[in-house]
Amino acid sequence: MPIIFDNVSYVYGEHTPFENKALDGVSFTIEDNMITGLIGQTGSGKSTIAQLCNGLYKPSSGTVTVDGTDINDKKNKKNKSQNFFRVGLVFQYPEYQLFEETVRKDIGYGPKNMGCSDEEIAKRVAEAVRFVGFDESRLDKSPFDLSGGQKRRAAIAGVIAMEPKYLILDEPAAGLDPTGRDDILTKLKQYQREKHTSVVIISHSMEDMANYCDRIIVLKKGGVYKCGDKNEIFSDPMALSSLGLSVPQITKLIYNANQYGVGINEPIYTVDAAYDAVMRLISGEDVK
Amino acid sequence: MIRDITLGQYFPGNSALHNADPRTKILMAILFIAATFTASGTLSFIILFLSALVLFIVSRISLITVLKGLKPILFILIFTTFFQILFSRSGELLFEWWIIKIYDSGLISAAKMIVRIIVLVVSTSVLLSYTTSPIVLTDGIEGLLKPLAKIKVPVHDFALIMSLALRFIPTLLEETEKIIAAQKSRGANFSSGSLMKRARALISIFIPLLASAIRHALDLSEAMICRGYRGGDGRTKLRQMKIRFSDIVWLLASALMFAAVIILNKYGLSDLFGLFGA
Ligand SMILES: Nc1ncnc2c1ncn2[C@@H]1O[C@H](COP(=O)(O)OP(=O)(O)O)[C@@H](O)[C@H]1O
Ligand SMILES: [Mg+2]
């Protein structure tokens, strides 16, 4: 069952002089068994949504429903910590939360808090490490001795090891070099395809969204601007640009080419798709 | 939320006290502290109270703010008053019921105690916190300690350490909040479980926080070196401190207040009436 936001508002510092309305009546659904992209400019409320999903924050109004139950319902108080395990949340720059003596122990921290047995922890750590592509020979090193990219992987593995039904990652690729970016996002896609869980990737790069997500939710200043599959979202690239979001360059290129009458009618957001479309155009298949 | 904790509240403004030199205000605060501890006569306490009242009025800080500042010490205030009144056993008996005996000396010493504590808190917080930003305050401390530099005390470095510490408090608080949220999301439990378990949960906050503080320190020191920082010698300041005529007036007035408190300690309220009666 999905995660459902129903008319959720969130105000930081409610009833203080520093009140700041971060979310204003947002409604959307995070579907099962796919990768959902959550995109919006800095300050549009992405991280706030992430923390509402696992119950760290409580909505000022509205409800967040996970698996059919309102996670902030008083009757489910006992399940509060269960919700942290059901909805795994990887914070932005998660490497800053590593603390154990060895990477192995750090990845096992979540499962240990869940009360898993030692064998179970070992099994989960091994699996998580495989999913994120962490170099296994470094499992017994101190997390502080790793490179930036390896630290990031270790931290993500720490959440994957809890085997959450939903995995939410706040800007998992922020601050990594292009190869590291692609590699982590590819690993996450493989993870989703293999486990058939629900994965949410928060980002402000349309390029990443186009390449790795199945469904996209676009936020604008604390509200949902648009929500749908890739084709719907990218049908109007210029509107997205005006939101301050980068449209994939290839989409922009095809859009501009169409303005000159090239006539590629299908939505294009990856270079491969553009290649196919252009080849078909040249070979005359699409000519009307 | 953690962020709401403020360490040293500063209320920007344009009053005579806001504009006074920080060194003046530090010296005034020292005089006020000294006066509150030397005062013993009733007259002295009246002078003390009126002087603190002047500070409060001149600063144009709202009464609510000052009362809020007194809230943390409310308990001590009530507690000491209570004991002073109940356990004094001298002077005139005013009231008696069961084992409770209240003497006039008890009431008087309780009143003095209250004035002492209120003046101490109000004068120092108005002078050093409400009307002086932390950065300006460290400048003032540095200025006052400057003579010590002659005997090789690293005054400038101490002042820099202090202002950096103040600068990074909000940053570290924000990071603490994030780390707590992240560890909670991994199932860390800070409020229940055995002592051992809770201690472990705290470690999961302290270590990342320490790492982050060290990271900030390294970044900052590199940035400072790149911008040519070379210690205090020959360094000029953005905010030049200048002693003006008004600063001298403030200092003289405070010194006068201190002197008056000492001299009047010998005399009680009755002497004042005697003065007029003569
Ligand atoms: N801890 C906080 N306290 C107060 N305001 C906050 C806090 N965190 C975020 N905000 C504000 O809430 C809004 C949404 O922030 P956030 O969810 O972090 O956006 P995003 O992740 O999309 O950049 C912003 O205006 C931000 O300033
Ligand atoms: Mg964010």
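Note that the coordinates shown come from a computational prediction; the quantities given were computed from them, not determined experimentally. (Residues numbered from 1 in each chain as written. Chains lettered and ligands numbered in written order. Predicted model: local features only at pLDDT ≥ 70, side-chain atom pairs only at ≥ 80, totals over all residues. Heavy atoms only, no water.)

**Student:** Would you take a moment to explain the overall build of chain A for this structure?
**Tutor:** When helices and strands are counted, chain A shows 12 helices and 10 strands. Computed over the C-alpha atoms, the radius of gyration of chain A is 21 Å, within 12% of the 19 Å expected from 2.2 N^0.38 for a compact globule of 288 residues. By the burial criterion, 48% of the 288 residues in chain A qualify as buried. Looking at chain A as shown, the accessible area adds up to about 13400 Å², and 49% of this sits on carbon and sulfur atoms. In chain A, the 34 positive side-chain charges and the 39 negative ones have mean positions that sit 4 Å from each other. (Helix = DSSP H or I, 4+ residues; strand = E, 2+ residues; numbered from the N terminus. Rg over C-alpha atoms; globule rule 2.2 N^0.38 Å. Buried < 20%, exposed > 50% of the residue type's maximum accessible area, 1.4 Å probe, protein only. Areas by Shrake-Rupley, 256 points an atom, 1.4 Å probe, with all protein chains shown as cover. Lys, Arg positive; Asp, Glu negative; His and termini not counted. Charge placed at Lys NZ, Arg CZ, Asp CG, Glu CD.)

**Student:** What is the right way to look at the overall build of chain B in this model?
**Tutor:** Across its full length, chain B holds 11 helices and two strands. The helix and strand sequence of chain B, counted from the amino end, reads α-α-α-α-α-β-β-α-α-α-α-α-α. In terms of overall dimensions, chain B is more spread out than a globule: its C-alpha atoms have a radius of gyration of 25 Å, far above the 19 Å expected for 278 residues. The C-alpha extent of chain B, read off along each of the three principal axes, is 75 × 55 × 35 Å. Taken over 278 residues, chain B has a buried fraction of 32%. Sequence-distant contacts in chain B: of pairs separated by 6 or more residues, those separated by 24 or more amount to 73%. Of the roughly 17200 Å² that chain B leaves accessible, carbon and sulfur atoms contribute 72%. Of the side-chain charges in chain B, 29 are positive and 16 negative, and the distance between the mean point of each set is 4 Å. (Contact = heavy atoms within 4.5 Å.)

**Student:** Is there a simple way to explain the packing of aromatic side chains in this structure?
**Tutor:** Two aromatic rings are characterised by how far apart their centres lie and by the angle between their planes. Residue and element names in this part refer to chain A. Evaluation of the coordinates by the stated rule reveals 11 aromatic pairs over all chains. Here the aromatic rings of tyrosine 10 and tyrosine 57 are separated by 4.8 Å at their centres, their planes lie at 10°, and the arrangement is stacked. Here tyrosine 10, found in strand S1 (residues 3-12), pairs with tyrosine 57, found in the loop between helix H1 (46-53) and strand S4 (61-66); they are 47 residues apart in sequence, far enough to count as distant. Tyrosine 57 matches tyrosine 10 in its accessibility class, with the two residues each being buried. (Phe/Tyr/Trp six-rings, centres within 6.5 Å; stacked < 30°, edge-to-face > 60°.)

**Student:** Looking at this structure, how should I read the interface of chain A and chain B?
**Tutor:** The figure often quoted for interface size is the accessible area lost as the parts come together. With 19 residues of chain A at the interface, the matching set in chain B holds 17 residues. Roughly 1700 Å² of surface becomes buried between chain A and chain B when both sides are summed, with 59% attributable to carbon and sulfur atoms. When the area that chain A buries against chain B is broken down by residue, the three leading residues are Tyr96, Phe99 and Tyr109 of chain A, summing to 33%. For the interface between chain A and chain B, the tally reads two salt bridges. Between aspartate 106 of chain A and arginine 186 of chain B there is a salt bridge, and its shortest N-O distance comes to 3.0 Å. (Buried area = accessible area lost by both parts, 1.4 Å probe. Salt bridge = Lys/Arg side-chain N within 4 Å of Asp/Glu carboxyl O.)

**Student:** Explain the side chain of arginine 215 of chain A to me, please; I cannot follow it from the model alone.
**Tutor:** Residue and element names in this part refer to chain A. When you line up the elements, arginine 215 lands in strand S9 (residues 215-220). For the buried arginine 215, which has no salt bridge, the nearest side chain bearing the opposite charge is glutamate 31, at an N-O separation of 4.8 Å. A polar side-chain atom of arginine 215 sits 3.1 Å from the main-chain carbonyl oxygen of threonine 29. (Polar contact = N/O pair within 3.5 Å; in protein donor to acceptor, adjacent residues only side chain to side chain.)

**Student:** Is there a simple way to think about the pattern of salt bridges in this case?
**Tutor:** Pairs can form between side chains of opposite charge whenever their charged atoms are close. All names here are of chain A. Considering all chains together, one arrives at 19 salt bridges over all chains under this definition. Between glutamate 120 and lysine 123 there is a salt bridge, with its nearest N and O atoms 4.0 Å apart. One end of the pair is glutamate 120 and the other is lysine 123, both in helix H5 (residues 118-132) and three residues apart, which spans about a single turn. Using a relative accessible area of 24% as the deciding quantity, one classes glutamate 120 as partly exposed. Judged by relative accessible area, which is 48%, lysine 123 ranks as partly exposed.

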